[in-house]
Amino acid sequence: MNRYATITPIPTLRSVDLLTYELPDEDSPCVGIGMRAIVPLGRRRVTGLVVGLSGEPPEGITTKKIVSMLDREPVVPEALLRLARWMSEYYLVPLADVISLAIGKGLTTASSRRVELLDASAAHTKNEKRVVEALLEIGGPVDVRQLKKKLATNSIDKMLSTLASRGAVEVTDTLGPPQVRARYETIVRVVSDPDGQPSAEVFKRAPRRREIFDYLDSMPGKRATMSQLTALFPRPSGQLRTLEESGLIESSDKEAYRGNVDAEEADTKVELTPDQSEAIRQVEDSLDEYRTFLLHGVTSSGKTEVYARLIETALARGKSALVLVPEIPLTHQIVARLVARFGPTVAVLHSELTAGERWDQWRRIARGQARIAVGARSAVLAPLPDLGLICVDEEHDPAYKQDDGVRYNGRDVAVVRAKQSGCPLVLGSATPSMESWHRAATGQYSLLTLPKRISERPLPSIEVVDLRGRDIVATGGLSEHLARLIKDNLATGGQTLLFLNRRGFARSLLCYQCGAIAECGACSVSLTLHVGETKLRCHHCDALEPVPSVCPSCGADALVSQGLGTQRVEEAVREFLPGATVARLDRDVTSKAGRSAEILKAWRKGGIDVLIGTQMVAKGHDVAGVTLVGIIEADLSLSMPDFRGSERTFQLISQVAGRAGRGQRKGRVVLQTYQVDHYAVAAAVRHDYQSLASTELAARQELGYPPYTRMVMIRLESTDPATASRLARAAAEIAAKYARRYADEYAPLTVRGPAPAVVERVRGRHRWLVQLRSSESAPVRGAALAIRSALSERARKSGTRLIVDVDPLEVT
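None of these values were measured; they are calculated from a predicted model.

A. Geometry of helix H23 (residues 777-797). If you check H23, its first and last C-alpha atoms are 30 Å apart, about what 21 residues at 1.5 Å a residue would give, namely 30 Å. Helix geometry: H23 is bent most strongly at Leu791, by close to 50°. Of all the residues in H23, the buried ones are Ser777, Pro779, Val780, Arg781, Gly782, Ala783, Ala784, Ile787, Leu791 and Ala795. Contacts from the buried residues of H23 go to helix H1 (78-90), strand E31 (710-718), helix H22 (721-741), strand E32 (749-762), strand E33 (765-774) and strand E34 (801-806). Positive phi shows up at Gly799, right after H23, with a value of about 70°.

B. Quick peek at the sheet that holds strand E18 (residues 424-429). Sheet architecture is open: 7 strands sit in the order E15-E16-E14-E17-E18-E13-E19, paired in parallel fashion. Looking along the sheet, the strands with just one partner apiece sit at the ends: strand E15 (346-349) and strand E19 (446-450). Geometrically, the sheet is characterised by an average inter-axis angle of 20° between neighbouring strands, direction not taken into account. Relative to strand E17 (residues 387-392), strand E14 (residues 320-324) runs parallel, the two being bridged by 5 bridges. Bridge pairing links Ser320 to Leu387 in E17. In this fold helix H10 (residues 274-284) packs onto strand E13 (291-297), E17, E18 and E19, with an angle of close to 160° to the strand it touches most, E19. Running at roughly 135° to E15, helix H13 (residues 355-366) makes contact with E15 and strand E16 (372-375) of the sheet.

C. Summary view of the packing of aromatic side chains. For the coordinates displayed, the defined rule picks out 10 aromatic pairs. Plain terms: the ring middles of Tyr215 and Phe233 are 5.8 Å apart, the flat faces sit at 70° to each other, and that makes the pair edge-to-face. Of this pair, Tyr215 sits in helix H7 (residues 207-218) while Phe233 sits in the loop between helix H8 (226-232) and helix H9 (237-245), and the two are 18 residues apart along the sequence. The class for Phe233 is buried, based on a relative accessible area of 5%. For the pair Phe643 and Tyr705, a centre-to-centre distance of 4.3 Å together with 10° between the ring planes defines the contact as stacked. Taken together, the residues span a long stretch of sequence, with Phe643 in the loop between strand E29 (626-631) and helix H19 (645-657) and Tyr705 in the loop between helix H21 (689-703) and E31 at a distance of 62 residues. The residues Phe643 and Tyr705 share a single accessibility class, namely buried.

D. Structural view of H21. The end-to-end C-alpha distance of H21, which contains 15 residues, comes to 21 Å, matching closely the 21 Å that a straight helix rising 1.5 Å per residue would cover. Taken together, the buried positions of H21 are occupied by Tyr689, Leu692, Ala693, Glu696, Leu697 and Arg700. With its buried residues spanning 115° around the axis, H21 presents them on a single face. Of the residues in H21, the exposed ones pointing more than 90 degrees away from the buried face are Gln690, Ser694, Gln701 and Glu702. Residues of H21 that are buried make contact with E13, helix H15 (434-441), H19 and helix H20 (679-685). Following H21 by one or two positions, Gly704 has its phi on the positive side, about 75°.

Rules and cut-offs
- Residues numbered from 1 in each chain as written.
- Predicted model: local features only at pLDDT ≥ 70, side-chain atom pairs only at ≥ 80, totals over all residues.
- Heavy atoms only, no water.
- Helix = DSSP H or I, 4+ residues; strand = E, 2+ residues; numbered from the N terminus.
- Expected span 1.5 Å × (residues − 1).
- Bend = angle between axes of the 7 residues up to and from the residue.
- Buried < 20%, exposed > 50% of the residue type's maximum accessible area, 1.4 Å probe, protein only.
- Contact = heavy atoms within 4.5 Å.
- Pairing = 2+ DSSP bridges.
- Axes fitted to C-alpha atoms, helices over the stretch in contact; angles between N-to-C directions.
- Phe/Tyr/Trp six-rings, centres within 6.5 Å; stacked < 30°, edge-to-face > 60°.
- Arc of directions from axis to C-beta.

What follows is the structure in structure tokens.
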């Protein structure tokens, strides 16, 4: 009989990820793997997840009892726990962090300790009197964490115990419920026919009662929710009570799910092209086994229809399906299409949902009531039972990689989940990542191709405007040629998309008298001018500063803006097209939940003439009215010291160009660039992905970069530059020592650094990097583990962040 549970506390105790607790006798039969429990942890009580059960405790361990159970059914299925364990081991993070990523913080709770002053005279020592003075100053009961902050010390727990023993203070421990609970609604249903004489008495001189009953009787299933009734009949409770006492109706509470999506458009099932049919056939032949397919289809070749047909087949076989998209704005469009075809069995998971909506959608999925889950990267952890298919749209997109917390790649985790579930995985893209293309070329993935657009529409022609020798800043980023085409396109009823991958009004503010540039005080970067806020904003730490009237360095009235941002382009378009409907889509605009969906809905319906945006507009959007695309500065990503710069430049150009010509009219693209001869730009103009891949892979193989090597980035961040540098040197030495020790066991390990990051300071912290590379995963991860084991405590004591990033996308 199980008497003990292995539990991972959330939040985790960093030094120990798994702890053993004794089951309370009365709850023992109800405790299962994947359920939440309240457990003691130090002086607090916290939420934990049961990840194992056993009859005996670990040898030599004294265990505490579980306080209580929060669930009667698992919230995390065992199959998902297996995936979470893999993520914990591969990405070198605590299991609790992965679990928290999956279920969200709204499902956890922790106790808080509060202190109340009872007798100030009972404080004897100098430090005790400091505590009393702080309590008097704050007034009333106070959270211990607030008191520690007030005193600028963490070392008061023992002192509080002493003061409590003397009656000077009272320390209480309070445990609140989780933030999120299930929501219920009352359902009222007709159960009896009122034709008989006794029932007729109920309606005598009660016309409102009869009206309510007739409404219920006319509804499908002869039922309605209390919210529906209240909206139509003010204060219906008394009438309903009488009807229920008479046996004519009955009421019951039913769980109501938040965050459900309604169909906004009719389903349009199209005739498949031969290439689509062949791709579907190959995947359907493998629906009962793991296999990864790379679906390389040009823009508007019908990849989404392929996903939908495969989902249909998977559902018909009693399976569920998972669809990942790189960014939240893309979920709105694909969800609309899937809901139109499959109805309420579609659930959505992404970070714009409230905690309650996420919890409800999570349970709909886990209970099998929603068999299709759609979302951004964290949806890879959706608790789908009987998973039969995974589709990852725009698989190349860097947004699948999380850049804080658990630094996982949603696409790569999807590969492992498909393998563990024994189901096929479809990776779709018009511009596949070099990693996926290389695996397809070497036979690890199966390659499927959609080389033509549906309905035989041609790919848009791309015209190049050479910007060398031109100042387009003065014209808001628009060359004369592009400006003329925008005006002509508007006159003929076409929509225009303008792409610039930099938000704000201007890149920086410069004094032409002394040459000073306005910089962020916490980061080693220039501040970006935002005209709507009349502020300078840091795009790294989000700090805001007022725009100075004179140069802060020399006092001269000589400040000018430099460079372009989407705000500046928007202003220029509004100036020369005053009658047009112009909108902007970037992070500044979409910070309000639901705003991106609102803009994109208007864009799809033709309510916007010109849309200006960053990479949010570059992928996935299918708008038939777009006949002109302008790429303002195509080579911005080539200026970064990043080995993926050429690949990303090609991808962005190809993806945004692909938004043109998806309807009946031919599309046209204008590409403005200072690097007309660069191979990535030239390949994008020709729509020649294979040429780009051939050149790029040859260069990476020669230089030893992914996909030919595995990489881990170690980053040390400290407010003290000397500390960051010193610990980075120690990390490099540990890695070098590890490489020598295991030279005969593993493939060679390359250690690069230590070196300061390109943006050396962010949010007041100086950043140093150490890069680990090898042709095998084991040596880089082994060296990273050695660094973490040796330096974690030193880093903690010095207030330094030690970050381990497995398979990093950002290497600067």
